[in-house]
Each structure stands twice: as C-alpha cells, then as structure tokens.
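What follows is each chain in one-letter form.
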Amino acid sequence: MSKTVLHCKDIVKTYGEAEAAVLALQGVTLDVYRGEMMMLVGPSGCGKTTFVSCISGLLDFDSGVCDILGKDITSMDTEEVVAFRGRHIGFVFQSFNLLPALTCVENVALPLTIANADKAQSYTKAKVLLDAVGLGEKYDSKPKHLSGGEQQRVAVARALVHEPDLIICDEPTSSLDHQTGQAVMQLLQKMKNETHITIIVVTHDNRIYKYGDRMAHMEDGKIRKVEQLG
Amino acid sequence: MFTIAVKILIEDRVKYIGLLIGIAFTAFLVTFAMSYFAGFMTRGFALVSENPSVDIWVMDRAVSSSEATINMSDAALNLVKSVQGVENAVPLYMQDMTARFPNGHFQAFQVIGVDDATLSGIPKIKSTRDASELLHIPGSVIVDSGGTSDKLQTPKYMKDSYPFDGPHLNAATRKLRFGDTLLINDKRIVVAGVSQTIPRFPPRPLIYTTLSNFKRLTPSQVKRLTFVMVKIKSGSNLHLIAQKIQKQTGLKALTSDDFKKQTVMWYLVNSEDVGDMVNMVVLAMLVGFGVTGVMLYMFTQDNLKYYALLKAMGASSKQLRVMIFTQVFMSALIGSGIGIGVCTLVGKLVANGDFPYRMMWFSPLFGLIGVLIVSITAGLISQHALKNVEAEMLFAS
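In this text the structure is predicted, and so the values were computed from the model without any measurement.

## Re a nonpolar patch on the surface
Then step 1. The grouping of B:Phe25, B:Leu283, B:Val287 and B:Val291 at the surface amounts to a nonpolar patch, some 310 Å² of accessible area in total.
Then step 2. For the nonpolar patch, the element with the highest residue contribution is helix H9 (residues 272-302) of chain B, accounting for three residues.

Right under this line is the structure:
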C-alpha cells in the first residue's frame, strides 16, 4: 500500500451550541494515499467543505484524529498549523482567489514569498510553473486580464509552487465552462502523475469524476462509501 | 510582504485616494490649528517681538505676560540703571484709554508712552519723514490698527468734525491719516503717522507717543511705568544680568525669550481661546479619525478575503499585522505630506491677510503626530478585523 498522506478517524464537528447546534461531521473516517487523486462528492450541506477545512487546519473539530504526513494537527498550536499548512498544503479554489493587485508571476510565487524565500528563485520557479500550465506569455498580466480558465491555471501553478504534499481543490471546475474545466483537470492529473502529489477534489461536477483514482461519497456528515475509479 | 501590502493598498484607487484625502484632511486640520495657535501666540507677545533690540524686560513681580500688566513706580527705572552690566534702560508706559473721534464716536486704544530722548519702542511708520521728527511735534501720536479693521475711521468731511449740533455718528468716514486729530481725556492729539506693526492678540488699536505726551494725556497717577527695557553691555551674560536686576531691584527681570515663553504660558492658563484651539484640534482629530478610521477599516474589510487567502497559504498573524501597518504608515506619511503641504499653501494665502497664522516647526510635527495617532488607532481596529478572518471563507460554500 502507498504511503498514507492523510489519515482521518471519527472526526466530529459541531457548529453552534445547545439547541442551535448543528452536527456537521458525524465521525468521518478516511485515508488518502500518496500520489492519488481523491474525489470527495456529495450533496450540498453534507459536510464536504467542513471536512476539508478541518483537515487543512483551517477549522478546529470537536473530536477525532487527523494525521497529515504522520503529524497530528490537533497537537499543533495555531501558528504551527499555519506554518505546516504553508509548507505542506496547496489550495485551488472555485473562485480562483488570485490577488488582483499582483501579476501572474507574483501570484504564483505568493506561497514562497510568504515563506520568505529568495525572490529571484521564487520568480524563476513561478515562471517554470506558468510555462508548465501554458501561461508562459502571461507572466506580467494581472488576473483581470485573464480568462476564468487562465486564472484557474494560475491558481493551480500557485498551489504547486512550494511543492506541497497535498493539494485541496474546492470545486475547481464550477466557475469554468466544460471544456476549460476538463483542461484544468487534465492539468491537475498531469501534475499529479509527474510529481506524485496527493490531490483531494471536492466537486459536484460528475463530468470530472473520471480524473479521480478513488471517490468518497459523503452524506449527512459521514463518508458513506469509498469507491475505486477507472 | 511589504511590497504586496503596498500593491494591495494602491490597487483600489478610489479607496486609496479616499484614504489619503481622509488622512490629508486630518493633517491639514491639526497643522492649521497649531499654526493658528502659534499665530495668535506670536501676536500675544507682539510687544516683545517689535522691540528686538531689548535684552531684558523689567516689570512688577506679579506680571507674567506682556498683555496683563500692573505699573511700577518711576523710581524703578533708576534702580535698574544702577545695576552693573546694564548699558542703558528706557521706560515703557502702557495704559488703556478711550479716544473720541471728531464725529463723536469713541474707541478704546492701548496707549504706549516711550522715552522722549530715544523713542525706543516706536514702530516704523508709513512716512518719508522720521518718527523722531514727527513725534516731537506737541501732542503728536502714531496710530496703529493693532490687528483690528475699520476701527480707525474719522469723518470724511470737515462739516462732520467737532460739529456744534452734536455728534454726527452716521457721517461718512475714512481712515485716519497724518494731521487728523482725536481727543483723549479732552486733550487734543494729532496723528503724526500710521504704523503697521505686529497685530495684537486680542486685536486692539494702538497709540504710540512720547512719555511727556503720555503723561499729559493720563490723569495723574503714582505708578505709571509698565516696563523697563534694558540693553546690556556687550560681552555680559544675559541671564546673569537679569538675575542681578531681580536681586538688586526686587523686580522681575526676564530676557526677551523668557518673557515670550511666560506670555505663552500665561495665555495657555488664562486665555479661553486656547480652549477653543484645543477643541479645534480635538474636533480635527475626531473628524479625521472618522474619515480615516472608517476608510481604513472598510479597506481591510474589503480585503479580508485576500488576508484569508494569505493565511491559508501560511501567512502568520504577525505577517498580516505587518501588512496592515505597512498600509497604515504608507498612507499616513503620504497623506500627512499632502495635508501639511496644502496647509502651507493655504497658510501663505491667509497669512497675507490679518489672520493669525504662523507655521512653526511644531505645527507640522503635531499634524504628523495627530495623523499617526489616528492612523495607528484605525490600524489597530482594522487589525482586529483580521482576528475574524477565517481561511475557510475562501471555500465555495
């Protein structure tokens, strides 16, 4: 079996208190392995976003175990979680979330800038990735001058630039047309195959299921089943 | 991260300009208020400023300002002259008197009597003739508006001057000029010249005349000497001589600089205008805070999503705070520069008129400090907004 990148067991998360309490995660258990693309699917409100927020350390949970790369994130303090996330996790969001004030290169280099890496080396690395995602001509363009698909490709490059072990993609194709969405998924798959990175994709879009290696079905705050794809 | 903070700041041009205007407005108001304060303080010690050759001012021990005085005996002059190190000492008499104009109107003046021989204390007059020549004409005076406007009006036509049928209060008037006459205590005085010295605070018309004429105009009093103006021998120690004068005469002796400082302190304690000025500064800061604080807070709120993104990508709370304060300090410096610059230009315009405006070194400093207080407070409040940043807000649902 491949090395486990993410190990979750019985994660429980409740929003609110007393009578207003909502049980968002009711004991989620899931293992994700190195080099695989895990599709996380389920109806709206089933807890997908809460789950990925918990596993990326963006949200505290009530109980359960969550180890990423063998480290228990509940044992870290806030700043340690932030630093861990900065080193080991990359994100691709539905709404791209590029900084409009920065150029493509600057946006892609952002995780390295935050980590106080050498500017010249960061930009070189960012340019290599922009070339890899097919945006070699757009180094100095600002997000407003890019199409949705191009912006998402910049976001993919940004998620990869600091060579994370895990990328969490939240509805990466929802803001894109079908063709562009497929292109973005092909890009993610290519990157995964080349770098053996682990990718978790939260999605409603059944047209991209085929890019996953496995698929976890969530419902009512629980993983109902995990199936092998392809 | 500094560069990113600056780029985020200037990306939204409209908000950035709004922020700069808010800060510039604060800097302008605070600097203007301080310059106004300096302006009227300068007028407060105008008497000292218009006698730059005086080294030491001697006065009654109870006097703390050039504007609130009590007189001494004439003997004080000789006492001062007898102190070793004093080159010369001349008297200065001051008294408020009411003068009647030829048409029957009256006006309160501060009458200043100066030494007949030296005429020390007489301001420069708008005339080709020498003041000493003019003031030695019996009953002659020099008049000055003292920062007032339209107070020195005399009848335009002879028929309205000293009329037999009573005062002509509604008669047409013109400004006083050479040769015009007034009455003080029913004694005739003649305008020998008009001066334009430093305006007084509070503004009031002035009459300068010789001591002999001053004594003629004032009712007999035992004590009429207000100040003794001292020039010390060259090479003497100013403060030492002042101390000597105090010790030997029992009077108060202050160097010109010390007298100015005491006058300013007296105003700070006694003048209601200082309270008004403080209110103006506080109001300026409140308005500035309202504008700057709200703009900066809105700016941070609008960018919360991006701070959340940076947090998701590993930016520490410290890095985010540094970004906020980079934006705060950059805006504060540029905004202050604009505000103080505009204040300087406006000051140049108003200072040409009769407005008490004087930008001293501390005015822009206060402006900058005011802006920094406002900006740092706004920055702290904005930073508080960061505490509510949840990186999960970036996710679709």
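We are not done yet, so read on.
## Considerations on the packing of aromatic side chains
Within a pair of aromatic rings, the relevant descriptors are the distance that separates the centres and the angle that separates the planes.
All names here are of chain B.
Then step 1. Enumeration according to the criterion identifies 15 aromatic pairs over all chains in this entry.
Then step 2. Summarising the aromatic geometry, the rings of Trp266 and Tyr267 are spaced 5.2 Å apart at their centres and angled 80° between planes, so their arrangement reads as edge-to-face.
Then step 3. Under the relative-accessibility criterion, Trp266 is labelled partly exposed at 26%.

## Description of the environment of A:Gln189
Residue and element names in this part refer to chain A.
Then step 1. Considering the arrangement of structural elements, one finds Gln189 in helix H6 (residues 178-195).
Then step 2. Gln189 sits in the partly exposed class, given a relative accessible area of 25%.
Then step 3. Once the C-alpha coordinates of Gln189 and Gly212 are considered, the two residues, 23 residues apart in sequence, prove to be 8.3 Å apart.
Then step 4. What Gln189 contacts, discounting residues up to four positions off in sequence, is Met37 and Tyr211.
Then step 5. Among the polar contacts listed, one links the side chain of Gln189 to the backbone oxygen of Tyr211, at a separation of 3.5 Å.

## Concerning the layout of surface pockets
A water-sized probe rolled over the atoms picks out the places where empty space is left.
Residue and element names in this part refer to chain B.
Then step 1. A volume near 420 Å³ is recorded for the second largest pocket.
Then step 2. For the second largest pocket, the lining is made up of 18 residues, of which Lys126, Ser145, Thr148, Lys175 and Gln196 are closest to its centre.
Then step 3. Residue composition of the lining of the second largest pocket, grouped by class: five nonpolar, eight polar and five charged.

## Some words on the packing of helix H11 (residues 317-351) of chain B against helix H12 (residues 362-387) of chain B
All names here are of chain B.
Then step 1. Closest axis-to-axis distance for the H11/H12 pair is 9 Å, and the angle between their directions is 150°. Looking at the two axes, H11 sits roughly antiparallel to H12. Handedness of the crossing formed by H11 with H12: right-handed. Residue-level contacts link Leu320, Arg321, Ile324, Phe325, Val328, Phe329, Ala332, Leu333, Ser336 and Ile340 of H11 to Pro364, Leu368, Val371, Leu372, Ser375, Ile376, Gly379, Leu380, Ser382, Gln383 and Leu386 of H12.

Rules used in this analysis
- Residues numbered from 1 in each chain as written.
- Chains lettered and ligands numbered in written order.
- Predicted model: local features only at pLDDT ≥ 70, side-chain atom pairs only at ≥ 80, totals over all residues.
- Heavy atoms only, no water.
- Patch = residues over 30% accessible without salt bridge, like charges linked within 9 Å, V, L, I, M, F, W, Y side chains within 5 Å.
- Areas by Shrake-Rupley, 256 points an atom, 1.4 Å probe, with all protein chains shown as cover.
- Salt bridge = Lys/Arg side-chain N within 4 Å of Asp/Glu carboxyl O.
- Helix = DSSP H or I, 4+ residues; strand = E, 2+ residues; numbered from the N terminus.
- Phe/Tyr/Trp six-rings, centres within 6.5 Å; stacked < 30°, edge-to-face > 60°.
- Buried < 20%, exposed > 50% of the residue type's maximum accessible area, 1.4 Å probe, protein only.
- Contact = heavy atoms within 4.5 Å.
- Polar contact = N/O pair within 3.5 Å; in protein donor to acceptor, adjacent residues only side chain to side chain.
- 1 Å grid on protein atoms, 1.4 Å probe; cavity = no way out; pocket = protein on both sides within 12 Å on 5 of 7 lines; lining within 4 Å.
- Points joined across faces, edges and corners; volume = space filled by probe spheres on them.
- Nonpolar A, V, L, I, M, F, W, Y, C, P; charged D, E, K, R; others polar.
- Axes fitted to C-alpha atoms, helices over the stretch in contact; angles between N-to-C directions.
- Parallel < 35°, antiparallel > 145°, perpendicular 65-115°, else oblique.
- Left-handed = near helix turned anticlockwise from the far one by under 90°.

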